[in-house]
Amino acid sequence: MHLIFNTWLQVKITRALVSVFYKDNLEPIIHFLGKQGVEFVSTGGTQEFIEKLGYPVVPVEKLTNYPSIFGGRVKTLHPAVFGGILYRRENTGDLAQAKEYNIGPIDLVIVDLYPFEETVAKGGQEEDIIEKIDIGGISLIRGAAKNFNDVLIVSARTQYNELLELLQAKNGSTDLEDRKRFAAKAFDVTSHYDSAIFSYFNQQQHIPSFKSSIQQGKVLRYGENPHQQGVFYGKLDELFDQVNGKELSYNNLVDVDAAVNLVKEFDGETAFVIIKHTNACGVATGANVKAAYLKAFQADTISAFGGVLASNKKIDLAAAEELNKLFFEILIAPDYEPAALDLLKTKKNRIILKQKQALTATRQYKSLLNGVIEQDLDLKTDSKEDLKPVTKRIATAYEVEALLFASKICKHTKSNTIILAVDGQLLASGVGQTSRVDALKQAIEKAKAFGFNLKGAVMASDAFFPFPDCVEIAHGEGIEAVIQPGGSVKDQESIDFCDKHNMAMVFTGIRHFKH
């Protein structure tokens, strides 16, 4: 069998198979091909579309001598169609068989896929969803992409403009590099489509197989450090409108994620958070955005410099005037008063994001060793109903509110962590320490450095106390109430100390490690 890959000769398009669900922007392509004398092969609605534009069409049914059957499930699955796509033009055996069976070449395939993902997203019934699993279309795409040496495949409407520009530039011909590029795009389309179908079925089957497909990617200036390359995959513009500033960097995106996840914990309140390297250096609630910001800033006036800021309420001019005094990288809010935005935009590199919708993800994953680990997101927010008093003294209503506030911050802070707070204000945090005692000592030192008196404050821990040392140290600083998951074999020692010193402690039964 003789086979030569053609690496230089252009292929002149003489016959095109066109069968698409979406016909947006297809018309100029049909006109160009029609004026070039290209023969069209098509089906159903696309056939009617082409004929209305004034060009003759060979129906697929005429090519195959079979009608569309089984409710349209079988239309193009026939050697007369797939043979015209897959036979190798420079393979002597293929040429002989094509002649023997009267199979003509198809040089261009324009096919898209039934809107499976869109049907799922709209909450379609299972019967409708299953019918949107494309069979013929995806087979045509794969076949044409496989034979890129001879055939150009256009697999999505987003490729129409590029196709038209290519045809115009090369007078209706394509070269190998063109066809190979479009083939790669085709396999991107088909692999993404199959991943979406698998994910739909696996909601119930729970097959332990990891698949995630995101078709939009943006190359970043660099990764975590300048010597690393970075790319963001996703539709960031669905979440945010960027109304000012330079392009978001890798580290910016990591901190933005931390900020929006933390600030959403305070639904129903006016909250402000300041993030530095994914950890909160300021968090507060207040009567308005300005008040919340000033309380948050008070917790660490040094780390806030160059930080990522987020509010869950509209930024008004009063708040903007205070914010404008600080050098920060990013500000995120659901909206901005026009005067506030004008003021904030006076710094041209300052990134200002308008958040359009809440985060909806329920799973998270990351690369690890030679694979990937995946888990549920920690979507559990401790509530009053979760609190189990374990000491003789019961926390007051004020302390309960302060404990729950501290617990929300604790959940979003790198382990080991200790949070010191009063109701509506973070005082200090100890983050990412190798021991819980070190985290507490760090928090105490930081609180004192910024002028806070810890008498009457509360303490939150992301995990249990293995020894009573943390409550002993906390008591020595005037802290009077503690929230922790509980679960240590030595819980009773911590409880006994609290009882002896009139401290209140509650267990939640929920650990909030964050690594």
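Up top is the structure.
Because the structure is predicted, anything quoted here is derived from the model rather than measured.

How each quantity is defined
Residues numbered from 1 in each chain as written. Predicted model: local features only at pLDDT ≥ 70, side-chain atom pairs only at ≥ 80, totals over all residues. Heavy atoms only, no water. Helix = DSSP H or I, 4+ residues; strand = E, 2+ residues; numbered from the N terminus. Rg over C-alpha atoms; globule rule 2.2 N^0.38 Å. Buried < 20%, exposed > 50% of the residue type's maximum accessible area, 1.4 Å probe, protein only. Contact = heavy atoms within 4.5 Å. Areas by Shrake-Rupley, 256 points an atom, 1.4 Å probe, with all protein chains shown as cover. Lys, Arg positive; Asp, Glu negative; His and termini not counted. Charge placed at Lys NZ, Arg CZ, Asp CG, Glu CD. Polar contact = N/O pair within 3.5 Å; in protein donor to acceptor, adjacent residues only side chain to side chain. Expected span 1.5 Å × (residues − 1). Phe/Tyr/Trp six-rings, centres within 6.5 Å; stacked < 30°, edge-to-face > 60°.

(A) Seen up close, the overall build of the chain. Within the chain one finds 19 helices and 23 strands. Scaling as 2.2 N^0.38, a compact globule of 515 residues should have a C-alpha radius of gyration of about 24 Å, whereas the chain reaches 31 Å, well beyond that. Overall size of the chain, expressed as C-alpha extent along the three principal axes, is 95 × 55 × 40 Å. Burial status across the chain gives 48% buried among its 515 residues. Within the chain, residue pairs in contact and separated by at least 24 positions form 56% of the contacts whose partners lie at least 6 positions apart. Roughly 25,800 Å² of accessible area belongs to the chain as shown, and the carbon and sulfur atoms make up 52% of that amount. On the chain, the mean spot of the 58 positive side-chain charges and the mean spot of the 64 negative ones are 3 Å from each other.

(B) Structural view of the side chain of Ser19. Mapping Ser19 onto the fold places it in strand E2 (residues 15–19). We classify Ser19 as buried; its relative accessible area is 18%. At 3.0 Å, the side chain of Ser19 forms a polar contact with the side chain of Thr43. In this view, Ser19 contacts Thr43, Thr46, Ile110, Val111 and Asp112; residues no more than four positions away in its chain are not counted.

(C) View of helix H12 (residues 250–263). The end-to-end C-alpha separation of H12 is 20 Å, in line with the 20 Å expected for 14 residues at 1.5 Å each. The element H12 is extensively covered by neighbouring structure, given that ten of its 14 residues are classed as buried. Taken together, the buried positions of H12 are occupied by Asn252, Leu253, Asp255, Val256, Ala258, Ala259, Val260, Asn261, Leu262 and Val263.

(D) Inspection of the packing of aromatic side chains at higher detail. Under the defined criterion, the tally for this structure stands at eleven aromatic pairs. With a centroid separation of 6.3 Å and an interplanar angle of 75°, the aromatic rings of Phe21 and Tyr114 are classed as edge-to-face. Highlighted residues: Phe21 in the loop between E2 and helix H1 (27–35) and Tyr114 in the loop between strand E5 (108–111) and helix H6 (116–121), separated in sequence by 93 residues. For Tyr114, a relative accessible area of 28% corresponds to the partly exposed category.

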